[in-house]
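Each chain, written out:
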Amino acid sequence: MQISLTKCHGSGNDFLLIDEISNNYFFTEEDRQNLSIALCDRQSKIGADGILFVLKSEKCDARMRVFNSDGSEASMCGNGLRCVGRFVCELFNKEEIVVETMKADLAVTKTNPIFAEIPTFNVEISPVLFSLEKLPMNIDKNILINEKVPEISDRLLFSAVAVPNPHLISVVGIEQIVSNEQKCISETVNGPNNLFPDGVNVSFVHPIDKGSIYVRTFERGVGFTNACGTAMSASSLITCLLELNEFENEIEVYNNGGKVHCLVHKEGETDFQIELIGNATYLYKSDLEIDVKKPEDFLIINKTEYQEELQYKELQQHAKEMVEGKILLSR
Ligand SMILES: N[C@@H](CCC[C@H](N)C(=O)O)C(=O)O
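Under an unreviewed UniProt entry, the protein chain has the name Diaminopimelate epimerase and belongs to Rossellomorea pakistanensis. The protein chain has a UniProt comment under Catalytic activity (unreviewed entry) that states "(2S,6S)-2,6-diaminopimelate = meso-2,6-diaminopimelate". According to the UniProt record, the Function (unreviewed entry) comment for the protein chain is "Catalyzes the stereoinversion of LL-2,6-diaminopimelate (L,L-DAP) to meso-diaminopimelate (meso-DAP), a precursor of L-lysine and an essential component of the bacterial peptidoglycan."

### A word on the UniProt feature "binding site: substrate" (unreviewed entry) in the protein chain
Taking the numbering used here, the UniProt-annotated feature "binding site: substrate" (unreviewed entry) corresponds to Asn13, Asn68, Gly78, Asn79, Asn165, Asn201, Glu219, Arg220, Gly229 and Thr230. Lining residues of the largest cavity drawn from the annotated list: Asn13, Asn68, Gly78, Asn165, Asn201, Glu219, Arg220, Gly229 and Thr230. Residues in contact with Glu219, not counting those within four places in the same chain, are Asn13, Asn68, Asn201, Phe224, Thr225, Ala227 and Cys228. As for its position among the elements, Gly229 is in helix α5 (residues 229–241). According to the relative accessible area criterion, Gly229 is buried, its value standing at 2%.

### Observations concerning the layout of surface pockets
The space that makes up the second largest pocket amounts to roughly 210 Å³. Counted by class, the lining of the second largest pocket contains eight nonpolar, three polar and five charged residues. Both domains that meet at the lining of the second largest pocket, namely domain 1 (2–126 + 280–318) and domain 2 (147–276), each give it at least three residues.

### As for the site of the ligand
Inspection of the region around the ligand gives 14 residues, with Asn13, Gly78, Arg220, Gly229 and Thr230 positioned closest. In this structure, a nitrogen atom belonging to the ligand sits 2.9 Å away from a side-chain N or O atom of Glu219. Between Arg220 and the ligand, the recorded distance is 2.9 Å, taken from a side-chain N or O atom to an oxygen atom. Relative to its unbound accessible surface of 360 Å², the ligand loses 99% to contact with the protein. In a pocket analysis with a 2 Å cut-off to the grid points, the ligand is assigned to the largest cavity. At the level of elements, α2 (78–92) and α5 are the ones that each hand at least two residues to the shell around the ligand.

### Some remarks on the environment of Thr270
When you line up the elements, Thr270 lands in the loop between β16 (258–268) and β17 (271–279). Placed 46 residues apart in sequence, Thr270 and Phe224 show a C-alpha to C-alpha distance of 30 Å.

### Some thoughts on the state of the cysteines
According to the stated counting rule, one finds zero disulfides in the structure shown. Counting only cysteine sulfurs, Cys83 is the nearest neighbor of Cys89, a cysteine outside any disulfide, at a range of 12 Å. Classification of Cys89 as buried rests on a relative accessible area of 3%. Free of any disulfide, Cys228 has its nearest neighbouring cysteine sulfur in Cys77, separated by 6.8 Å.

### Focus on the side chain of Ser57
With respect to the helices and strands, Ser57 occurs in the loop between β3 (50–55) and β4 (62–68). In this structure Ser57 touches Ala62, Arg63 and Glu100, once residues within four positions along its chain are discounted.

Each value, and the rule that gives it
- Residues numbered from 1 in each chain as written.
- Predicted model: local features only at pLDDT ≥ 70, side-chain atom pairs only at ≥ 80, totals over all residues.
- Heavy atoms only, no water.
- UniProt positions renumbered as here; feature names shortened; annotations may be inferred.
- 1 Å grid on protein atoms, 1.4 Å probe; cavity = no way out; pocket = protein on both sides within 12 Å on 5 of 7 lines; lining within 4 Å.
- Contact = heavy atoms within 4.5 Å.
- Helix = DSSP H or I, 4+ residues; strand = E, 2+ residues; numbered from the N terminus.
- Buried < 20%, exposed > 50% of the residue type's maximum accessible area, 1.4 Å probe, protein only.
- Points joined across faces, edges and corners; volume = space filled by probe spheres on them.
- Nonpolar A, V, L, I, M, F, W, Y, C, P; charged D, E, K, R; others polar.
- Domains from an automatic or database assignment.
- Near = heavy atom within 4 Å.
- Polar contact = N/O pair within 3.5 Å; in protein donor to acceptor, adjacent residues only side chain to side chain.
- Areas by Shrake-Rupley, 256 points an atom, 1.4 Å probe, with all protein chains shown as cover.
- Sits in = over half its atoms within 2 Å of the grid points.
- Disulfide = S-S within 2.5 Å.

Following this line, the structure appears as structure tokens:
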């Protein structure tokens, strides 16, 4: 069969977007899983952090399903939702839409460019859940906010939150950012283990100054990525709870792929909602000849590049200089 895809990224977190609104592909669950493993493989001619399947929805403008590069399905993807949001807005000629995801219907709005003329979208990150039972995280506590978890580190403090995919967050110094600690912890909690039976996205957060943080994430089902949208949203929330940042004030979140803005709203004592604002950049579109039962043997029939990456690289350079400058000053 032939499959058309759009390679896109949000903060360098890259995806293959497959449009099942305009095309009838009729994938089985096994096909989706196998396509994700084969096409996201960085050794193949494509490679990506995940696949975004865009489907018709009965109640919203569209439905998004996100599969990690290891073939597992995630309940949410913040950077991916901006890309899907752009795609659906352009498909239906709208500036505001609602996208059905696994656990919530989320608003997406086209907004002012984050830098130069870069297509920028604001996505709702919700619900925000602290219950460890639901995450799931198996320790003898109901919630975890800035506490030690001796099973994984005797020094670091961790917070756990689902938005609604699961995140484990530690606010750290620059020594931890450059050390091997995050990789070791992430591999432990994403391998066979009792603490996180479904795995967890692990972020190390370094406060730069009030209103700006740096976040690096090891993603469940992928490994280290340039950025993880839900992780940056969850990390912004945790820094507000720890009074390192402020609710209702936009936070600049730097990452290895660029930067986004997050705005955390406190709607009740334990009730929060987050806005994630950042780029949705198209790299190329392509048609593939593929046998879904043997997807690793796919052939690229054609490939048309978009001319958006050059401008994105300028944002990336600006973000890199800001982070390096600020971190050097703080040392
Ligand atoms: N990169 C995404 C999150 C993708 C899913 C995650 N790896 C999981 O398994 O929960 C984002 O931008 O939020």
